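So the chains spell out like this:
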Amino acid sequence: MLMRLGNQAMILLDASSSMTEKSFDLGMATAFNILDTLGEDDFVNLITFSEVVKTPVPCFKDRMVRATPDNIQEIKSAVKAIKLQDTANFTAGLEYAFSLLHKYNQSGAGSQCNQAIMLITESTSESHKDVIKQYNWPHMPVRIFTYLIGSDSGSRSNLHDMACSNKGFFVQINDYDEARRKVIDYALVMARPMIMYQADHPVHWSPVFVAGKSGGLGRDSEYQRRLVTTVSTPVFDRRNHSVRVANLLGVVGTDVPIEEIRKVIPQHKLGPNGYSFIVDNNGRVLYHPDLRPLGDANQYIDQLKPKYASVDITELELPETEFGNNNEIIEINKNLLNEMRGDMIKPKEGETEFTVMNHYDDSKRVSTRTHRYFYGPIEDTPFTLAIVLPEKYGSHEFVSQQEIRHSRNNVTEYFKGDNWRVHPDWVYCEYNSVSDLEKERESSGEYSSRDQEPSFGSPEEQVLHFLSRAGRPGWKWMSVRPKSPQPHHNMHSGSNGNSPGSSHFGSQHSNSQGSRKAEPYFCDRTLIQSLVRDAMVTDGLDRNTTGSSSGKEDKHPIATLMAILKRQGYQKFVVATSFVATRSGLLRWIDHVKRPEDTPEPHFSEDNVRAMDTSWYKRAIDQHSVEPDSFVYSVPFGSGYAIKSNATLVTASHAIFVEHRGHKAPAGVVGLQFQHDSLAKHFINITSACTGMTGCKRTCASDNLDCYVLDNSGFVIISEEMEHTGKFFGQIDGTIMDSLVQDRIYKRVTVNDYQGVCSDADNPYTAAGGILEPNRLGSWFFNHLLALSATWLSFMPAALRAWPQEEYTYDNEDVVFVDNNYSDEYEFGNEYNMQVDQEMDEFFTTADVEYTTPPPRQHKPHVGPRFSPDPQNARRCDLRTDLYMLQPERLNQGGQNNPLKGKLTNCHVSGCERPFSVQKIPHSNLILLVVDTLCPCGSKQLDIEPLEEAGVIGACSTRRQEQEQESRRRPKKCINYHPEEIEIQQCGRGSTLLHMSGSVIVAHLLMVTVTFVLANA
């Protein structure tokens, strides 16, 4: 991708029987290397010709397609399946290529700049002047580049004439190394007009790609690859020569890590569930929180071959699809997304608002959220930046800071102990270069050993380093970054390389010349003073968990939480960890149970150091808008088989919001982790006893009743069968789960993953708002803490009153639930034909809401191979899965969490019925489900595993074809003509464009060296 002015290239590959298999493989490698030089501003197609012209990818016939990584890979895969046959019809191939290029030139489609034909063959008996004269002379809008595979002398002369008479270049390819090196000559020829004008040095920004290793010191950083974009510009030869030449000496550029760009838009300014992203002129994403590029199998490290991530913004922002009264699809959100994409590509400033789906925990959970989008172009780049804020709580920011320089106390006193962490990806303070850090240590007398690592071992060490200096006389806040930032890369891996999840702190900027600005460091004053304030408020976490010894009420936030829990009997649950995570990235915790030294499980702080990015933090913030007083409960997925070891922990988190003058802003999240075993025992004890004024015949301990506690995504929190814990309920009883969807208790949401990974064996060719400043600093912790165990104690007795003692009176007795998949192999005696409803009436105590389940809408599982990618041959694919969201308003009628009852009828030949009841658990994201098991209705299984979309896959799929038609913005300039270019005689014949005088060669080698060093810095 030397020049990115927009090319339209037709590659003609000889696939006749005159080509030997070895020559065809070499020709195919040549074509593939040409494809690899193209970028997303280019358009391309590859055809093979023998007696007839063929387009290897059927849906690319008579078209030019964007040179995206997906399309390039599609072409490569299709060409590999071509078989050699018949004789070569060069005229047919050239006529097809000229006609297609002419059509695009006249219609205004494509890149509208350079047009070229690349002809790859082993032999030709003529130079085909007649067809070339008909289509290309006298103006020669299409350049012709010819590639001779092998050393046929007669063909050499013909191919040389074709290229030289059409402003092209001739190349002879004898081996795979030449196929890789010599194909780039075409780009040097296309750059001639720009070089001759000597006026423009276009700056090119590449799409994002997977490059070298990240500079972090975290546990996973050794294997963590970083995303990079390259910015480059050409270097011209301005000297006068005795013959007319247009020499490109090289390209100078550097890799810019995406993590450096993201630092310019601090995450703490965007708040919980807020984020930013950047798209280019083609709508492709430079970065986005959901961008998941494929690995490159170390190609960049081994061969400097980047793996580009080409993902459109419409593949990451997933608009919610709504249904009208007649089940017609309403795509208002999708239309708004497409309008925003069009504006960002133009580019223009704007704002919009629409609802999108958000998935968590490896796409096992889903929620919907309305976002506000603010976007505008980035000057002198092809990029447009968008800021995304949640509509309900993203418009205001909680501001509470502690001035460090005027503090009476040493602020580092609030950071004692090892039970705190800061967000490792956020920049609190950092030096601009390693040399700046070394000078600071030397001036302060700290840097006494040459063996000392010139970096920090952890982000916490770095924060303390700057805090200790912030209180000294003469300290200055340097909160403006230098305009020309230093290259950012890793110098050292720290003393042990095992500190949890670090990133920027271990990779100080390297520059032997020192900093480019007088101030050696950068500090985010707002962030670090907010961190200090949060540390003051949460200081002494372990000292405030037992209450005040003086008898006075302790207003510490954690003390308040623990005091309420103690009054409500939280000691019934074995609490392992309590924690608080704040908007400044601070995480504090206390371990109430000593961890075994030999436990293989990571500590809470290791998995949750990026607290604001965790599922429990994000879900707690969203849950506040559903039920402000509630906790969000979760257990590890599939953790039921670990129950016996008491290793499974329940995580309960609660969001803290501050209200001021009618506006709310999130300030943090508090929570606990406690042993699942103690909670399950407490649940079983309560639900196994009768409550209320009357007796009961059956409880959850009865053999003919199953009781479950499900979360708002349909996962089992508690079940009588411990192995069900953490399992999706639809896999246990899909029939009941289906009926809960039909009753609108859960909503089934189809989620598409356009970044899925499948095995290549399936390849078809190879088999902004205002600032909120509350009056009382720290009050955000004191006013909204709720009782964790009170939640459980409040619902446990009521749970068994979910079924009434009064007689059932269903309103729609003629509506039945029918499922033809039910088993009918059971036989029953007369003893079963009892009045099930009557028995259930005697057991349950309230009857405020009654409901009979209607016939469910047939839900057909998606057809396709199960998601099991081959790591060695992975490919992108479209995956689809059905996830579930609780609809709490359905269970909260008239402000009461009344039970909703249903029953499955006519689901068995015996005519038995299967009643069930569901009730919202107060102050939580949970429901209690009680199911009768006497009637043996067959049970199907629902799965949430992603499956590949059925039908045509790859570039010819309907979605990919629609994507080809999406709008794009061409590069601003097209320099493809200079009247004196015809005077240049160089066009091949054994020479290369870099066969110059010794001084030019030296200059070229120098520029290549500089480019290599900068690109790999």
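Above this text sits the structure in question.
Below or above, wherever it landed, is the structure these notes cover. Predicted, not measured: the structure shown is a model, and the values here were computed from it. (Residues numbered from 1 in each chain as written. Predicted model: local features only at pLDDT ≥ 70, side-chain atom pairs only at ≥ 80, totals over all residues. Heavy atoms only, no water.)

Description of the overall build of the protein chain
Then step 1. A tally of regular secondary structure across the protein chain gives 26 helices and 38 strands.
Then step 2. Each of the 1017 residues in the protein chain was classed as buried or not, and the buried ones make up 56%.
Then step 3. As displayed, the protein chain offers around 44000 Å² of accessible surface, 48% of which is attributable to carbon and sulfur atoms. (Helix = DSSP H or I, 4+ residues; strand = E, 2+ residues; numbered from the N terminus. Buried < 20%, exposed > 50% of the residue type's maximum accessible area, 1.4 Å probe, protein only. Areas by Shrake-Rupley, 256 points an atom, 1.4 Å probe, with all protein chains shown as cover.)

Concerning the environment of Gln-961
Then step 1. Inspection of the secondary structure assignment puts Gln-961 in helix α25 (residues 958-964).
Then step 2. In this structure Gln-961 touches Cys-59, Phe-60, Arg-63, Ala-955 and Cys-956, once residues within four positions along its chain are discounted.
Then step 3. Side-chain polar atoms of Gln-961 contact the backbone oxygen of Ala-955, separated by 2.7 Å. (Contact = heavy atoms within 4.5 Å. Polar contact = N/O pair within 3.5 Å; in protein donor to acceptor, adjacent residues only side chain to side chain.)

Considering the pairing of strand β37 (residues 927-932)
Then step 1. Burial runs high along β37: six of the six residues are buried.
Then step 2. Note: strand β30 (residues 705-710) against β37, six bridges, orientation antiparallel. Pairing of Asp-706 across the sheet is with Val-931, part of β37.
Then step 3. Sheet topology places strand β36 (residues 914-920) next to β37; five bridges connect them, and they run antiparallel. Counted as the bridge partner of Gln-919 is Leu-928 from β37. (Pairing = 2+ DSSP bridges.)

A closer look at the sheet that holds β37
Then step 1. Taking strand neighbours across the sheet as the criterion, the five strands line up as β31-β30-β37-β36-β35 in an open arrangement whose pairing is antiparallel. A single partner strand is all that each edge strand has here, and the edge strands are β31 (716-719) and β35 (900-904). Adjacent strand axes in the sheet meet at a mean angle of 20°, parallel and antiparallel pairs treated alike.
Then step 2. Across the sheet, helix α19 (residues 676-687) is in contact with β30, β31 and β37; its angle to β31 comes to roughly 55°.
Then step 3. On top of the sheet, helix α21 (residues 734-742) reaches β35, β36 and β37; it is set at about 60° to β36, its chief contact. (Axes fitted to C-alpha atoms, helices over the stretch in contact; angles between N-to-C directions.)

Remarks on the environment of Ile-745
Then step 1. Examined against the element boundaries, Ile-745 turns out to sit in the loop between α21 and β32 (746-759).
Then step 2. A relative accessible area of 0% means that Ile-745 is categorised as buried.
Then step 3. When sequence neighbours within four positions are dropped, the list of residues in contact with Ile-745 reads Leu-740, Met-885, Leu-886, Gln-887, Arg-890, Leu-891, Leu-900 and Val-918.

Side note on the state of the cysteines
Then step 1. If you walk through the whole model with that rule in mind, you get seven disulfides.
Then step 2. There is a disulfide in this structure between Cys-700 and Cys-707, and the S-S distance comes to 1.8 Å. The disulfide joining Cys-700 to Cys-707 has a torsion of about -90° about its S-S bond and is therefore left-handed. The two residues Cys-700 and Cys-707 agree in class, both being buried. (Disulfide = S-S within 2.5 Å.)

Some remarks on the side chain of Ser-615
Then step 1. Relative to the elements of secondary structure, Ser-615 occurs in helix α18 (residues 615-626).
Then step 2. A relative accessible area of 15% places Ser-615 in the buried class.

With respect to the sheet that holds strand β34 (residues 874-886)
Then step 1. As summarised here, the arrangement of the three strands in space is β32-β34-β38, forming an open sheet in which the pairing is antiparallel. The sheet is open, and its two borders are formed by β32 and β38 (947-948), each paired with just one other strand.
Then step 2. The pairing of β32 with β34 spans 12 bridges and is antiparallel. By the bridge assignment for β34, Lys-747 is matched with Met-885.
Then step 3. Relative to the sheet, α21 contacts β32 and β34, its axis offset from that of β32 by approximately 115°.

Considerations on the packing of helix α1 (residues 21-36) against helix α2 (residues 69-79)
Then step 1. In the contact formed by α1 and α2, the axes pass within 10 Å of each other and the chain directions differ by 175°. Classified by the angle between their axes, α1 and α2 sit roughly antiparallel to one another. Seen from α1, the contacting residues are Met-28, Phe-32, Leu-35 and Asp-36; seen from α2, they are Ile-72, Ile-75, Lys-76 and Val-79.
Then step 2. Residues of the contact of α1 with α2, tallied by class, amount to six nonpolar, no polar and two charged. (Parallel < 35°, antiparallel > 145°, perpendicular 65-115°, else oblique. Nonpolar A, V, L, I, M, F, W, Y, C, P; charged D, E, K, R; others polar.)

Section: the side chain of Ser-739
Then step 1. Within the secondary structure, Ser-739 sits in helix α21.
Then step 2. With a relative accessible area of 0%, Ser-739 lands in the buried category.
Then step 3. Of note is the side chain of Ser-739, whose polar atom sits 2.6 Å from the backbone oxygen of Ile-736.

Considering α19
An α-helical turn contains 3.6 residues, so a residue and the one three or four places further along point in the same direction.
Then step 1. An ideal rise of 1.5 Å per residue puts 16 Å on 12 residues; α19 measures up with 16 Å between its terminal C-alpha atoms.
Then step 2. Of the residues making up α19, those classed as buried are His-676, Asp-677, Ser-678, Leu-679, Ala-680, His-682, Phe-683, Ile-686 and Thr-687. (Expected span 1.5 Å × (residues − 1).)

So, α21
Then step 1. By the criterion of burial, α21 is predominantly enclosed, with nine of the nine residues buried.
Then step 2. Buried within α21 we find Gly-734, Thr-735, Ile-736, Met-737, Asp-738, Ser-739, Leu-740, Val-741 and Gln-742.
Then step 3. Along its buried surface, α21 packs onto α20 (729-732), β32, β34, β35, β36 and β37.
Then step 4. Just downstream of α21, Arg-744 is the residue with a positive phi angle, here 65°.

Looking at the packing of helix α3 (residues 90-107) against helix α4 (residues 129-136)
Then step 1. Interaxial distance between α3 and α4 falls to 10 Å at its minimum, and their mutual angle equals 10°. As judged from the angle between their axes, α3 and α4 are roughly parallel. Every residue of α4 that contacts α3 at Thr-91, Leu-94, Glu-95, Phe-98 and Ser-99 is listed here: Val-131, Ile-132, Tyr-135 and Asn-136.

Here we look at the packing of aromatic side chains
Then step 1. Following the criterion strictly, the structure yields 21 aromatic pairs and no others.
Then step 2. Note on Trp-475 and Trp-477: the rings are 5.6 Å apart at their centroids and 90° apart in plane angle, and the pair reads as edge-to-face.
Then step 3. Classification of Trp-477 by relative accessible area gives buried; the value is 13%.
Then step 4. Grouped by ring-pair contacts, the aromatic residues Tyr-431, Phe-466, Trp-475, Trp-477 and Tyr-521 constitute a single cluster.
Then step 5. The ring of Phe-637 carries Lys-364 above its face, with NZ or CZ at 5.3 Å from the centroid. (Phe/Tyr/Trp six-rings, centres within 6.5 Å; stacked < 30°, edge-to-face > 60°. Lys NZ or Arg CZ within 6 Å of the ring centre and 35° of its normal.)

Re unusual backbone geometry
Then step 1. For the peptide bond that leads from Trp-137 to Pro-138, omega is 10°, which places it in the cis range.
Then step 2. Assignment of secondary structure puts Pro-138 in the loop between α4 and β6 (142-149).
Then step 3. At the junction of Lys-346 and Pro-347, the peptide bond is cis and its omega measures out at -10° in the coordinates.
Then step 4. Among the secondary structure elements, Pro-347 is positioned in the loop between α12 (332-345) and β18 (350-360).
Then step 5. Here the phi dihedral of Met-140 falls at roughly 50°; this positive angle occurs in a residue that is not glycine.
Then step 6. With respect to the secondary-structure elements, Met-140 resides in the loop between α4 and β6.
Then step 7. Overall, Met-140 belongs to the buried group, its relative accessible area being 14%.
Then step 8. A positive phi angle is found at Arg-661, which is not glycine, with a value near 55°.
Then step 9. Relative to the assigned elements, Arg-661 resides in the loop between β28 (649-660) and β29 (663-675).
Then step 10. Under the relative-accessibility criterion, Arg-661 is labelled exposed at 73%.

Here we look at the pattern of salt bridges
Then step 1. A complete count under the given rule lists 33 salt bridges for this structure.
Then step 2. We note a salt bridge from Arg-341 to Asp-312, for which the minimum N-O separation is 2.9 Å. Within this pair, whereas Arg-341 is found in helix α12, its partner Asp-312 is found in the loop between β14 (307-308) and β15 (318-319), the two being separated by 29 residues in sequence. Considered together, Arg-341 and Asp-312 belong to a single accessibility category, that of buried residues.
Then step 3. With a closest N to O distance of 2.6 Å, Asp-711 and Arg-365 form a salt bridge. Of this pair, Asp-711 sits in the loop between β30 and β31 while Arg-365 sits in strand β19 (residues 365-377), placing them 346 residues apart in sequence. Take Asp-711 and Arg-365: they sit in the same class, and that class is buried.
Then step 4. It is possible to trace a salt-bridge network through shared partners that takes in Asp-177, Arg-180 and Arg-181. (Salt bridge = Lys/Arg side-chain N within 4 Å of Asp/Glu carboxyl O.)

Focus on the pairing of β19
The two faces of a sheet get side chains in turn, since along a regular strand they alternate between them.
Then step 1. Across 11 bridges, the pairing between β18 and β19 is antiparallel. Counterpart to Tyr-360 in the pairing with β19 is Arg-365.
Then step 2. Counted along the chain from β18 to the antiparallel partner β19, the turn is four residues long, and its residue Asp-361 has a positive phi close to 50°.
Then step 3. Alignment of β19 against strand β20 (residues 384-390), held across seven bridges, turns out to be antiparallel. Opposite Phe-374, over in β20, you have Ile-387 as the bridge partner.
Then step 4. Between β19 and the antiparallel strand that follows it, β20, lie six residues; Asp-380 among them carries a positive phi value of about 65°.

Nothing here speaks to function; it is geometry throughout.
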